[in-house]
Every structure is written in structure tokens, then in C-alpha cells.
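Fold and contact review
These are the residues of each chain, in order.
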Amino acid sequence: MQSSDVSLKSKTGQVGVLLIHGLCGSPSEIRFVANGLTRNGYTVHCPELAGHGGTEADLMATSWHDWYESAKQGLDKLAETCETVIVGGLSTGAVLSLMLAARHPEKVSAITLYSPTLWLSGRQIPWYVRILRLIDSKRFANLFRVPVPIHVGIKDKRIRDFIASAMAASGGQIGQSSTPGGPVLERRRLSKAVMKDVGSITQPVLILHAREDDYAGLDNAAYLQRELAGPVDLVVLEDSYHMVTVDRQRHIVLDRTSDFISRTVSAIAKSIGAEPQRAALRLAASAG
């Protein structure tokens, strides 16, 4: 299977940004944000998750552990060359970002979450998904399919039509009409694992979530704002659906992300600069 990982290099490259796509998605759904951050001088890497970019059978053969390993490899790649790394993602990619931050706090300085999806609670999620929550076997879960929201998570019809035309020209489709229950079960298992560690995540977090999210309700963002141990900046978008990185307010998403990263990098620089001064004061105090 050919990878569609996207790596964008800046001139300086001292600050790296890892952006992770969502379940059944691809790096193209976060390319707008990635391109904007690169123009601002950051090194950006958008890995393709295991099982994605191929057939449905490829996806169904993977687990959340495989997706996490893809994200972890992306983090390691950036950490080799960048002094500071910010990790973020869309939907399931946001959940993977939280896991990276919890397990590797020495590598992750801050987190950006776009439509974080710990559970499915959007207004277009069908009632029978509640039954799927009771199933813990992939074989039985695959007897179900979860339909993609009718607007594929994009509120702006012009943008939906543009993406559909571009995909058709390349021989693809705008997205699957439904997701097999097995991968949805794996996403739930991932979320369950992450929720155990949410209270230990102390890095600063930016959350951008649409009030009208048709896939993951705003209660996901509210939970994280309440449970995360570090400072959380929650931005509620009033004119988007689930795919906030491509929808009407994508420019706001980029601007708020750029500002958050800039403030994070400045705070880290000040902290590093203040450390020698604090050490000198401690030395002077001990000498006295």
C-alpha cells in the first residue's frame, strides 16, 4: 500500500507540529492547517495511519494499537530534528494526540484538538449505535455499520461539492457511506484507554469544536476541558460541522492554532531563559 504521509519543511525547523487525521480519513483533511503552519515557519508532519489509504479490508485488519504506532513514529521523526513538538489531530486523531501526550510528556509540549471524538454523540448518529456500545467483539461489531453523516461533516455545500469533484477527477469518492463496526469498536477501545490518563495530561491544550458537530457532540470537548490537568483553551465554532479543518471556519482554526503555538513557544523560551537566573539566585542564597 502506498503511503500518503505529508511532510512539510520550514526554513528554521526548530518547532515541529504533528497533525493526525481521523478514522477512515487521510492527511488531506488537515492539509489546509498544515500548509498554513508551514508558511509560519514550522516543520509539519502528517502521517497516514496504519490501515488507511487502501481498502476497507486493510482498515479492518488493524487495531487502535496500530494507529497509535503510526502516530508514535511520526512523533519520533519530528523529535529527532525539532526542539519543540506540538501534537494535534482531527476527531480520532485528536484522541491519539492525547495518548501521545500522556505517554511521552518529554516529547510533547502542547496539544491541539480538532473535534475530539471520545464518543459518538452528534445529532446525526443513529439510535442503534447504542447497541454497538454493548458489543466488545470485532467479529460481531462488523455486523453493524455506522453511517457517515449526510453532509460528511462539512456544513458548506460549496466546499462539499468542490471536494467531491476533486475526488471524482482522481477516481475516488468524497468518503465512505458508512464505517464498519470493527474500526468503530477499536476507536471506542482507544478512547477508553485515553480517558484513564486524561487527568495526568498537564500540557497546555487548544480545543476547537463545532457547536453543531454532526458526529461528535460538544460534550466531548466539555469533558476534556473539565478533566485535563493542564490549561485548556476551548473555542466553540458556530458555523461548522465535524470537519472543522476544511469547513467554513477553517481560517479561524488555522489562526487560533498559529496563535496558540506561538504563545506556547514563547512561554517555553521564557522558561528556559529564566532557568539560569533561578539557578544563580539559588547559588547565591546557598552561599549566603
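Rules used in this analysis
Residues numbered from 1 in each chain as written. Predicted model: local features only at pLDDT ≥ 70, side-chain atom pairs only at ≥ 80, totals over all residues. Heavy atoms only, no water. pLDDT = per-residue confidence, 0-100. Contact = heavy atoms within 4.5 Å. Helix = DSSP H or I, 4+ residues; strand = E, 2+ residues; numbered from the N terminus. Axes fitted to C-alpha atoms, helices over the stretch in contact; angles between N-to-C directions. Left-handed = near helix turned anticlockwise from the far one by under 90°. Nonpolar A, V, L, I, M, F, W, Y, C, P; charged D, E, K, R; others polar. Parallel < 35°, antiparallel > 145°, perpendicular 65-115°, else oblique. 1 Å grid on protein atoms, 1.4 Å probe; cavity = no way out; pocket = protein on both sides within 12 Å on 5 of 7 lines; lining within 4 Å. Points joined across faces, edges and corners; volume = space filled by probe spheres on them. Phe/Tyr/Trp six-rings, centres within 6.5 Å; stacked < 30°, edge-to-face > 60°. Buried < 20%, exposed > 50% of the residue type's maximum accessible area, 1.4 Å probe, protein only. Lys NZ or Arg CZ within 6 Å of the ring centre and 35° of its normal.

Side note on the confidence of the model for the protein chain
Residues with a pLDDT of 70 or more make up 86% of the protein chain, whose mean pLDDT is 88. Note that pLDDT drops below 50 for residues 170–174; the model gives that stretch seven contacts with residues more than four away or on any other chain.

Section: unusual backbone geometry
Positive phi is not limited to glycine here, since Cys24 has a value of about 65°. On the secondary structure map, Cys24 appears in the loop between strand S2 (15–20) and helix H1 (31–39).

Comments concerning the packing of helix H4 (residues 92–103) against helix H8 (residues 181–195)
Put simply, H4 and H8 touch, their axes get as near as 10 Å, and they point 35° apart. You can see that H4 and H8 cross each other, and the crossing is left-handed. Within the contact between the two elements, H4 uses Thr92, Val95, Leu96, Leu98 and Met99 and H8 uses Arg187, Leu190, Ser191, Ala193 and Val194. Residue classes in the contact of H4 with H8 are distributed as seven nonpolar, two polar and one charged.

Notes on the packing of helix H3 (residues 64–79) against H4
Close contact between H3 and H4 brings their axes to 10 Å; oriented N to C, the two are set at 65°. When the axis of H3 is compared with that of H4, the two are roughly perpendicular. Here H3 and H4 pass one another in a crossing that is right-handed. Listed contacts from H4 to Trp64, Trp67, Tyr68, Ala71, Lys72 and Leu75 of H3 are Thr92, Leu96, Met99, Leu100 and Arg103.

Let's talk about empty space enclosed by the protein
This model, assessed by the stated rule, comprises one cavity of 30 Å³ or more. Its boundaries defined by the atoms lining it, the largest cavity holds a volume of some 30 Å³. In this structure, the largest cavity is lined by Leu98, Met99, Ala102, Ala193, Val194, Asp197 and Ile201. With three residues, the top contributor of residues to the lining of the largest cavity is H4. For the lining of the largest cavity, the residue count by class is six nonpolar, no polar and one charged.

Overview of the packing of aromatic side chains
Using the criterion set out here, one finds one aromatic pair in the structure. Between Trp119 and Tyr223, the ring centres sit 5.5 Å apart and the planes meet at 70°, which makes this aromatic pair edge-to-face. Of this pair, Trp119 sits in the loop between strand S5 (110–114) and helix H5 (129–132) while Tyr223 sits in helix H9 (residues 219–227), and the two are 104 residues apart along the sequence. You can call Tyr223 buried: its relative accessible area is 13%. It is Arg250 that lies over the ring of Phe32; its NZ or CZ is 5.5 Å from the centre.

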